[in-house]
Amino acid sequence: MKIGDTVSVVDEDLSGVVTSVKGNIVVFKDEYGFTHQYPKEKLVPKNADLYENVKPVRKAEPKKAISKKHQKNHLVLDLHFHNLVKNPNDYDSFERLFIQKEKLIEVLEFCRKNNLKRLEIVHGIGDGTLQRMVRDVLESQINIDFYNKEILHHQSGAVMVEFH
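Computed from a predicted model, the values in this text were never measured in an experiment.

Caption draft 1: View of the nonpolar core. If you look at the biggest cluster of nonpolar residues, it comprises 18 residues, and the most contacted ones within it are Leu-104, Leu-119, Ile-121, Val-134, Leu-138 and Val-161. Put simply, the parts of the chain that give this core at least two residues each are helix H1 (93-113), strand E7 (118-122), helix H2 (129-139) and strand E9 (158-163). The dominant element in this core, judged by the number of residues it contributes, is H2, at 5 residues. Contact partners of Leu-119, with chain neighbours within four places excluded, come to Leu-75, Leu-77, Val-107, Leu-108, Cys-111, Val-159, Met-160, Val-161 and Phe-163. Residues Val-9, Leu-14, Phe-28 and Tyr-38 belong to the second largest nonpolar core, which totals 8 residues.

Caption draft 2: Quick look at the sheet that holds strand E3 (residues 25-29). The strand order E4-E3-E2-E1-E5 describes an open sheet built from 5 strands, whose pairing is antiparallel. Only two strands of the sheet have a single partner each, and these edge strands are strand E4 (35-39) and strand E5 (43-45). Within this sheet the neighbouring strands show an average axis-to-axis angle of 45°, counted without direction. Two strands pair when backbone bridges link them, and strand E1 (residues 6-9) and E5 are joined in this way by 3 bridges, in the antiparallel orientation.

Caption draft 3: Seen up close, the pairing of strand E2 (residues 15-22). The pairing of E1 with E2 spans 3 bridges and is antiparallel. In the strand pairing of E2, Ser-8 is matched with Ser-15. Between E1 and E2, which pair antiparallel and follow one another directly, the connecting turn spans 5 residues, one of which, Asp-11, has a positive phi of 65°. Relative to E3, E2 runs antiparallel, the two sharing 5 bridges. Bridge pairing in E3 places Lys-22 opposite Ile-25. Remark: 2 residues form the turn of the hairpin made by E2 and E3, two consecutive strands paired antiparallel; Gly-23 in that turn has positive phi of roughly 65°.

Each value, and the rule that gives it
- In every chain, residue numbers begin from 1 and rise along the written sequence.
- Totals for whole chains, interfaces and linings use every residue, but because this is a predicted model, local features are given only for residues with pLDDT of at least 70 and side-chain atom pairs only at 80 or more, for both listing and counting.
- Derived side-chain values reflect all non-hydrogen atoms in the structure, with water molecules and hydrogen atoms excluded from consideration.
- Definition used in this section: a nonpolar core is a set of buried Ala, Val, Leu, Ile, Met, Phe, Trp, Tyr and Cys residues joined via side-chain atoms within 4.5 Å.
- For every residue, the accessible area (1.4 Å probe, protein chains only) is compared with the maximum for its type, and the residue is labelled buried under 20%, exposed over 50%, or partly exposed between those bounds.
- Every helix listed is a DSSP run of H or I at least four residues long, and every strand listed is a run of E at least two residues long, numbered separately from the N terminus.
- Here a residue-residue contact requires only that any non-hydrogen atoms of the pair lie within 4.5 Å.
- Whether two strands pair depends on DSSP finding at least two bridges between them.
- Think of each axis as a best-fit line through the C-alpha atoms, taken over the contacting stretch in the case of a helix, with angles from 0 to 180 degrees between the N-to-C directions.

Geometric descriptors of this kind do not, in isolation, establish any biological role.
Laid out in structure tokens, this is it:
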């Protein structure tokens, strides 16, 4: 730094023109005519020519990682028995209903553990036994809301569950 250079103070909103340099101490006059003394390491040259040939580097914006748990698509549980076991004809009606109930409870626990917000349970229409079992299990749960998927029909084959 030499007399006549324009300098700016690091970490302060203060700048001016150098009037004298004594060893490590630089004296400068600000725009209002006041003189200030600072060590050289607290000052930086204020020269627009320094930045003329420097081109800004444009970096690509990082992509936001979206959690798979919170994707917009909700989880669907199809309770049709042929989707749950390999040989559906090997089971009587009581065993079928028990396996479907266990699967329903297991998926509800999975949703709670993984903080999923919505679950669609497909039970079909049929004679209403599975539909009543699903309703009974859901009514025994806490911190959930559930409703028929098809609002316009009084009986639908699916129930939407929302977790709180």
